[in-house]
Amino acid sequence: MSATLITGKPIAERIRAQVAEDVAAIGHIGLVTVLVGDDPASDVYIRLKHKAAVAAGIDATDLRLLEETSEAELLAKVEELDADPQVDAILVQLPLPKQIDEAKVIRALAPAKDVDGFHPINAGQLYLGEPTLVPATPRGVMAMLDEHDVELSGARAVVIGRSAIVGKPMAHLLLQRNATVTICHSRTRDLAQHTLAADVLVAAVGVPGMVTPDMVKPGGVVIDVGINRTEDGLVGDVDPGAAEVAGYLTPVPGGVGPMTIACLLENAVRCSRYRRGELAFPL
Ligand code: NDP
């Protein structure tokens with residue numbers, strides 16, 4: 001058996017075209033990204049996000065602060081952006097330099113401008129199953145599953161990884177769709193016993209090729225969120241040999257990656273609807 005590849009690009013392009021239409025209809029959407037320091041990976045991510053935002057007609061500002069920026073200075077900047085009526089959406093690129101408490105900065109964001117969906121209010125609304133700003137990567141995964149009409153109700157879904165950015169929100173979105181969800185992590189015993197039962201397996205770990213073909217349920221849907229830089233280039237958390245066992249598999253690169261950026265732009269549209277009162281922010 002050879003798995004059907006779920007590529008992200010065509011779905012992402014469709015989402016981005018819809019965002020461009022929404023931006024044109026709304027008139028103006030202001031997105032400010034804040035990058036503190038000069039981490040090369042963060043610089044790449046910010047550039048990609050900006051390119052996509054500008055292409056969709058979003059008024060995107062790329063704010064760069066020095067590596068030595070203090071926590072107080074960053075908090076003051078966030079408060080200024082929170083109050084700025086021209087700013088619909090704010091993204092503070094993580095990780096932040098070690099002198100800054102990330103949780104404090106995330107809490108300082110106005111929840112309705114928190115385009116990444118990391119604020120505790122947004123995380124809490126997701127936990128409660130209420131519509132809210134949800135992190136872009138797991139939203140992108142859901143769009144990929146829907147594109148291929150993957151049956152989620154009653155399905156056994158296994159998420160490897162429990163980060164606040166991917167694993168936990170992923171598990172909640174799958175639960176909202178009535179999957180029976182298991183969350184695995186670094187302390188999970190006999191990981192393969194769980195993964196082998198998974199109708200839908202999402203790997204968000206950060207360990208190259210850790211999901212081997214013998215861990216995959218025959219015919220199952222495997223979503224590889226991992227992006228790992230190795231000597232062989234970018235690789236995922238799933239051994240590509242899993243394509244011989246799985247029914248569906250997302251490639252790396254070209255799978256979940258493009259979806260993340262597209263769904264981030266969708267979130268910016270949502271932020272603008274909150275600010276304009278077209279959608280009621282649940283507070
Ligand atoms: P984190 O490092 O925050 O979380 C990794 C998770 O994997 C943790 O919950 C950890 O468990 C778990 N884990 C680590 N080792 C094992 C193991 N051997 N067995 C089982 N579980 C394990 O990473 P992120 O969630 O931020 O990212 C995960 C991956 O997804 C990375 O490769 C990242 O680059 C990629 N990513 C891709 C995106 C995209 O757009 N495609 C966007 C965001 C991330 P524990 O909690 O116990 O430590």
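Before any of the text, the structure's been laid out above.
Definitions and cut-offs
Residues numbered from 1 in each chain as written. Predicted model: local features only at pLDDT ≥ 70, side-chain atom pairs only at ≥ 80, totals over all residues. Heavy atoms only, no water. Axes fitted to C-alpha atoms, helices over the stretch in contact; angles between N-to-C directions. Helix = DSSP H or I, 4+ residues; strand = E, 2+ residues; numbered from the N terminus. Parallel < 35°, antiparallel > 145°, perpendicular 65-115°, else oblique. Contact = heavy atoms within 4.5 Å. Nonpolar A, V, L, I, M, F, W, Y, C, P; charged D, E, K, R; others polar. Pairing = 2+ DSSP bridges. Right-handed = clockwise from strand over helix to strand, strands pointing away. Patch = residues over 30% accessible without salt bridge, like charges linked within 9 Å, V, L, I, M, F, W, Y side chains within 5 Å. Areas by Shrake-Rupley, 256 points an atom, 1.4 Å probe, with all protein chains shown as cover. Salt bridge = Lys/Arg side-chain N within 4 Å of Asp/Glu carboxyl O. Lys, Arg positive; Asp, Glu negative; His and termini not counted. Charge placed at Lys NZ, Arg CZ, Asp CG, Glu CD. Buried < 20%, exposed > 50% of the residue type's maximum accessible area, 1.4 Å probe, protein only. Near = heavy atom within 4 Å. Polar contact = N/O pair within 3.5 Å; in protein donor to acceptor, adjacent residues only side chain to side chain. Left-handed = near helix turned anticlockwise from the far one by under 90°.

> Which residues make up the packing of helix α6 (residues 136-147) against helix α9 (residues 256-276), and what are the values?
Interhelical geometry of α6 versus α9 gives an angle of 110 degrees and a closest axis separation of 7 Å. Relative to α9, the element α6 lies roughly perpendicular. Across the interface between the two elements, Ala-136, Thr-137, Arg-139, Gly-140, Val-141, Ala-143 and Met-144 from α6 touch Val-256, Met-259, Thr-260, Cys-263, Leu-264, Glu-266 and Asn-267 from α9. For the contact of α6 with α9, the per-class residue count stands at 8 nonpolar, 4 polar and 2 charged.

> Could you give an account of the side chain of Asp-43, with specific residues and numbers?
Mapped onto the elements, Asp-43 comes out in helix α2 (residues 40-55). When residues no more than four places from it in sequence are discounted, the contact partners of Asp-43 are Leu-35 and Arg-64.

> Describe unusual backbone geometry, naming the residues involved and giving the relevant values.
For the peptide bond that leads from Leu-94 to Pro-95, omega is 0 degrees, which places it in the cis range. By secondary structure assignment, the location of Pro-95 is in the loop between β4 (89-92) and α4 (102-108). Positive phi outside glycine occurs at Asn-178, with the angle close to 70 degrees. Tracing the sequence through the fold places Asn-178 in the loop between α7 (167-176) and β6 (180-184). Unusually for a residue other than glycine, Asp-190 sits at a positive phi of about 50 degrees. The topology assignment puts Asp-190 in the loop between β6 and α8 (191-195).

> Tell me about the pairing of strand β3 (residues 59-65), residues and numbers included.
Relative to β3, strand β2 (residues 30-36) runs parallel, the two sharing 7 bridges. By the bridge assignment, Leu-35 is partnered in β3 with Arg-64. Handedness of the β2-α2-β3 crossover: right-handed.

> Please give an account of a negative patch on the surface that cites residues and values.
Negative charge collects at one region of the surface, where Asp-38, Asp-39, Glu-67 and Glu-68 lie side by side. Structurally, Asp-38 can be placed in the loop between β2 and α2. According to the relative accessible area criterion, Asp-38 is exposed, its value standing at 63%.

> Talk me through the site of the ligand; I want residue IDs and the actual numbers.
Near the ligand you find 19 residues, and of these Arg-162, Ser-163, Ser-186, Ile-227 and Thr-260 are the closest. Ser-163 places a side-chain nitrogen or oxygen 2.6 Å from an oxygen atom of the ligand. Between Thr-260 and the ligand, the recorded distance is 2.7 Å, taken from a side-chain N or O atom to an oxygen atom. Top contributing element to the shell around the ligand by residue count: α9, with 3 residues.

> Give me the lowdown on the packing of α6 against α7, citing residues and values where you can.
Here α6 crosses α7 at 40 degrees, and the two axes come no closer than 9 Å. As judged from the angle between their axes, α6 and α7 are oblique. The two elements α6 and α7 meet at a crossing, and its hand is right-handed. Together, Pro-138, Arg-139, Val-141, Met-142 and Leu-145 of α6 and Pro-169, Met-170, Leu-173 and Leu-174 of α7 make up the contact between the two elements. Tallied by class, the residues present in the contact of α6 with α7 amount to 8 nonpolar, no polar and 1 charged.

> Account for the environment of Arg-275, with residues named and values stated.
One can find Arg-275 in helix α9. Overall, Arg-275 belongs to the partly exposed group, its relative accessible area being 35%. Separated by 86 residues in the primary sequence, Arg-275 and Arg-189 have C-alpha atoms spaced 46 Å apart. Setting aside its immediate chain neighbours within four residues, Arg-275 contacts Pro-85, Val-87, Asp-88 and Lys-113. In terms of polar contacts, Arg-275 uses its side chain to reach the side chain of Asp-88, at 2.7 Å.

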